[in-house]
Amino acid sequence: MRAFHIVFAIYATATAICGFAAFAIANEMLDKLNRVLPEENQFSPMWWGPMKYVTFVRAYRQVFPQDTLLFWYRVTLYCGFAIFIVCTSFLFWYR
């Protein structure tokens, strides 16, 4: 097995781990916020768009101003995206 395949497998695994971690943190944030909000203002996990995300983050910051889950969500999301970009660049660099 060439070194490229080993490096690619490591980066792909790291990307998947970051993606799953971001998904788990987002679900935890959603459940935590929905427990506090009234029934008519709760967020549905079925569809996420840019405006719904902005509304969700605002509501989460208002209810939980000192919580660190939003920080860790962004860290895992951005790290996963950065690793994905590096992994994709390896595909085109070593072709």
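Each remark here, short or long, concerns the structure printed above.
Scope of this entry: the structure provided in the associated data block. Keep in mind that this is a model prediction, so the values were computed, not measured.

Each value, and the rule that gives it
Counting of residues starts from 1 at the beginning of each chain's written sequence and follows it residue by residue. A pLDDT threshold of at least 70 governs which residues receive local features in this predicted model, and a stricter bar of 80 or more applies before side-chain atom pairs are shown or counted, although totals over entire chains, interfaces and linings include all residues. Only hydrogens and water are set aside when side-chain values are computed; all heavy atoms of the structure are taken into account. Axis definition: a line fitted to C-alpha atoms, limited for helices to the stretch in contact. Angles are taken between N-to-C directions and run from 0 to 180 degrees. Helix and strand assignments come from DSSP, with helices taken as H or I runs of at least 4 residues and strands as E runs of at least 2, each series counted from the N terminus. Contacts: residue pairs with any heavy atoms within 4.5 Å of one another. Gly counts as polar in this scheme, as do all residues outside two lists: the nonpolar Ala, Val, Leu, Ile, Met, Phe, Trp, Tyr, Cys and Pro, and the charged Asp, Glu, Lys and Arg. A simple rule labels every residue: compare its accessible area, found with a 1.4 Å probe on the protein chains alone, to the largest value its type can have, and call it buried under 20%, exposed over 50%, or partly exposed in between. Any angle from 65 to 115 degrees is called roughly perpendicular, while one under 35 is roughly parallel, one over 145 is roughly antiparallel, and all others are oblique. Two helices cross in a left-handed way if the nearer one is turned anticlockwise from the farther one by less than a right angle. They cross in a right-handed way if the turn is clockwise. Salt bridges, as used here, are contacts in which a Lys or Arg side-chain nitrogen is within 4 Å of a carboxyl oxygen on Asp or Glu. Defined by distance alone, a disulfide is two cysteine sulfur atoms within 2.5 Å. Any Phe, Tyr or Trp ring, taking Trp's six-membered ring, that has another such ring centre within 6.5 Å forms a pair; planes under 30 degrees apart are called stacked, those over 60 apart edge-to-face, and the others tilted.

### Quick look at the packing of helix H2 (residues 50-63) against helix H3 (residues 69-93)
And then number 1: The N-to-C vectors of H2 and H3 enclose an angle of 145°; their axes lie 11 Å apart at closest approach. Together, Tyr53, Val57, Tyr60 and Arg61 of H2 and Leu69, Leu70, Tyr73 and Arg74 of H3 make up the contact between the two elements.
And then number 2: Partitioned by chemical class, the residues of the contact of H2 with H3 number six nonpolar, no polar and two charged.

### Some words on the environment of Trp48
And then number 1: Considering the arrangement of structural elements, one finds Trp48 in the loop between helix H1 (3-36) and H2.
And then number 2: By relative accessible area, which is 37% here, Trp48 ends up partly exposed.
And then number 3: A sequence separation of 37 residues divides Trp48 from Tyr11, and the C-alpha atoms of the two residues are 27 Å apart.

### Here we look at the packing of H1 against H3
And then number 1: At their nearest, the axes of H1 and H3 sit 8 Å apart, and the two run at 155° to each other. Looking at the two axes, H1 sits roughly antiparallel to H3. Of the two elements, H1 crosses H3, and the hand of that crossing is left-handed.
And then number 2: For the contact of H1 with H3, the residue count by class is 24 nonpolar, three polar and two charged.

### Section: the pattern of salt bridges
And then number 1: Scanning the model with the defined rule gives one salt bridge in all.
And then number 2: Note that Asp67 and Lys32 form a salt bridge whose closest N and O atoms lie 3.2 Å from each other. Placement of Asp67 in the loop between H2 and H3 and of Lys32 in helix H1 is noted, with a sequence separation of 35 residues between them.

### Quick look at the state of the cysteines
And then number 1: One pass over the full model with this rule turns up zero disulfides.
And then number 2: Counting only cysteine sulfurs, Cys79 is the nearest neighbor of Cys18, a cysteine outside any disulfide, at a range of 5.5 Å.

### What to know about the packing of aromatic side chains
And then number 1: Overall, the coordinates contain five aromatic pairs when judged by the stated rule.
And then number 2: Plain terms: the ring middles of Phe43 and Phe56 are 5.3 Å apart, the flat faces sit at 85° to each other, and that makes the pair edge-to-face. Taken together, the residues Phe43 in the loop between H1 and H2 and Phe56 in helix H2 connect sequence positions 13 residues apart. With respect to burial, Phe43 and Phe56 carry one shared label: buried.
And then number 3: For the pair Tyr60 and Phe64, a centre-to-centre distance of 5.1 Å together with 50° between the ring planes defines the contact as tilted. An identical accessibility class is assigned to Tyr60 and Phe64; each is buried.

Nothing here speaks to function; it is all geometry.
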